[in-house]
Amino acid sequence: MDPQILAFNPEPGVPEQLEPNVRRLLCPNPSPMTFRGTNTYLIGETEIAVIDPGPQNAEHLQAILAALTPGQSITHIIVTHAHLDHSPLAKALSEETGAPIYAYGDVDAGRSAVMQELADSGLAGGGEGVDADFMPDRVVCEGEVLRGRGWALEVIHTPGHFGNHISLAMGDICFCGDHVMGWASSLVSPPDGDLTDFMASCEKLRARDWRVFHAGHGAPIDDPAGRLDWLMTHRKGREAEILKALQDGPATAQALAEMIYVETPPALLPAATRNVFAHLIDLYGKNIVSAPGGLSAEAVFEPL
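This text gives an overview of the structure that appears in the document. (Residues numbered from 1 in each chain as written. Predicted model: local features only at pLDDT ≥ 70, side-chain atom pairs only at ≥ 80, totals over all residues. Heavy atoms only, no water.)

Considering the environment of Glu59
1) Next: Within the secondary structure, Glu59 is located in helix 2 (residues 58-66).
2) Next: Using a relative accessible area of 57% as the deciding quantity, one classes Glu59 as exposed.
3) Next: Here the alpha-carbon distance between Glu59 and Gly13, two residues 46 residues apart in the chain, equals 8.0 Å. (Helix = DSSP H or I, 4+ residues; strand = E, 2+ residues; numbered from the N terminus. Buried < 20%, exposed > 50% of the residue type's maximum accessible area, 1.4 Å probe, protein only.)

Structure, rendered in structure tokens:
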């Protein structure tokens, strides 16, 4: 990994002032999926909005509460999406503070029809783990503005990494959750992740002028437009590799992953297979490939 990326290593539990009205608090849950851990953001000077409280972690809960200074109180708890490293602590924090939990909806909210069909057929999520019991107190919608004293956050629905994923705009700052990260490309794992939606959400964010992205994991992204362009180019490159591999004959997502990810350790091939499957679903929806036996994780795909 790039030494500049590795240089991001804040002390967990210690609030860091990023700019006026914005503090970051790192949760001590490092892993291959979360990098150094989940970034929790505290917005405001008196009425505080907490973005992504994080996983069920008593130490982090106490760190959030300890970050409040005299005269400050938590009025909003906002969850960008219902993965286990972002949402579970919201309930305990709400019980401690009385603040309501805001999100786009439960774990099925925002899911596309094709992903819902795959979920109904028994395909389970992979990767970061779903907070199946998550339910906000207040459901937010595209374009809604959440307000506290001295701050306003505009809700932008950005499905792709997860159906109920939202980003939050505060002027030229975007709190982008796991949709865009500087240390890795975002996981898109069906049926929770949807590559068609992911690319559309990238285009939606790209259409606006941002100064900085504050992501769910890793350091601030100081070139948001460049990072979005990289993400979309990266995905289009992977799509080209898949289509090239299919020229050798029909294949499953797993077989294609084994052909394409030749240097990937065997333990990571299931994640690679999920990624390839996400691309195949997107290509299927665009009538570029077919699945004669029906769309499923084990389907055999062929180019049209």
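Section: the sheet that holds strand 15 (residues 300-303)
Across a sheet, paired strands are connected by hydrogen bonds in the backbone, their directions being either parallel or antiparallel.
1) Next: Pairing is antiparallel in the open sheet, where three strands are placed in the order 13-15-14. What marks the edges here is a single partner per strand, and that holds for strand 13 (251-252) and strand 14 (289-290).
2) Next: Where strand 14 and strand 15 come together, two bridges link them in antiparallel fashion. The partner of Val289 across the bridge, within strand 15, is Pro303. (Pairing = 2+ DSSP bridges.)

Here we look at the pattern of salt bridges
1) Next: Within the structure shown, the criterion is met by 11 salt bridges.
2) Next: In this structure, the salt-bridge partner of Glu16 is Arg24, at a minimum N-O distance of 2.7 Å.
3) Next: Assessed through its relative accessible area of 35%, Glu16 is described here as partly exposed.
4) Next: In this structure, Arg111 engages Asp192 in a salt bridge whose closest nitrogen and oxygen atoms are separated by 3.2 Å. Taken together, the residues Arg111 in the loop between strand 6 (101-103) and helix 4 (113-120) and Asp192 in the loop between strand 11 (173-177) and helix 5 (195-206) connect sequence positions 81 residues apart. (Salt bridge = Lys/Arg side-chain N within 4 Å of Asp/Glu carboxyl O.)

Quick notes on the packing of helix 5 against helix 6 (residues 224-246)
1) Next: Two elements in contact, helix 5 and helix 6, have axes whose closest approach is 10 Å; the angle formed by their N-to-C orientations is 155°. The pairing of helix 5 with helix 6 is recorded here as roughly antiparallel in orientation. Considering how the two elements wind past one another, helix 5 and helix 6 form a crossing that is left-handed. For the pair helix 5 and helix 6, the contacting residues are Leu195, Phe198, Met199, Cys202, Glu203, Leu205 and Arg206 in the first and Ala225, Leu228, Asp229, Leu231, Met232, Arg235 and Lys236 in the second. (Axes fitted to C-alpha atoms, helices over the stretch in contact; angles between N-to-C directions. Parallel < 35°, antiparallel > 145°, perpendicular 65-115°, else oblique. Left-handed = near helix turned anticlockwise from the far one by under 90°. Contact = heavy atoms within 4.5 Å.)

Quick word on the layout of surface pockets
Over the atoms, a rolled probe matching the size of one water molecule traces out where space is still vacant.
1) Next: Taken as a whole, the second largest pocket holds about 220 Å³ of empty space.
2) Next: Along the walls of the second largest pocket sit Asp2, Gln4, Ile5, Phe8, Phe35, Gly182, Trp183, Gly218, Ala219, Pro220 and Ile221, which together make up its complete lining.
3) Next: Across the lining of the second largest pocket, the residue classes tally to seven nonpolar, three polar and one charged. (1 Å grid on protein atoms, 1.4 Å probe; cavity = no way out; pocket = protein on both sides within 12 Å on 5 of 7 lines; lining within 4 Å. Points joined across faces, edges and corners; volume = space filled by probe spheres on them. Nonpolar A, V, L, I, M, F, W, Y, C, P; charged D, E, K, R; others polar.)

Quick word on the pairing of strand 15
1) Next: One ladder, built from two bridges, connects strand 13 with strand 15; its direction is antiparallel. When the bridges of strand 15 are listed, Ala251 appears paired with Phe301.

Describing the environment of Thr40
1) Next: Here Thr40 lies in strand 3 (residues 39-43).
2) Next: Side-chain polar atoms of Thr40 contact the backbone oxygen of Asp52, separated by 2.7 Å.
3) Next: In this structure the side chain of Thr40 is engaged in a polar contact, spanning 3.3 Å, whose partner is the backbone oxygen of Pro53. (Polar contact = N/O pair within 3.5 Å; in protein donor to acceptor, adjacent residues only side chain to side chain.)

Structural notes on the packing of aromatic side chains
1) Next: In this structure the tally under the stated criterion is five aromatic pairs.
2) Next: One aromatic cluster in this structure is built from Phe8, Phe35 and Trp183.
3) Next: Positioned over the ring face of Trp230 is Arg227, at 4.3 Å from the centre of the ring.
4) Next: Over the ring of Phe198 we find Arg235; its NZ or CZ atom is 5.6 Å from the centre of that ring. (Phe/Tyr/Trp six-rings, centres within 6.5 Å; stacked < 30°, edge-to-face > 60°. Lys NZ or Arg CZ within 6 Å of the ring centre and 35° of its normal.)

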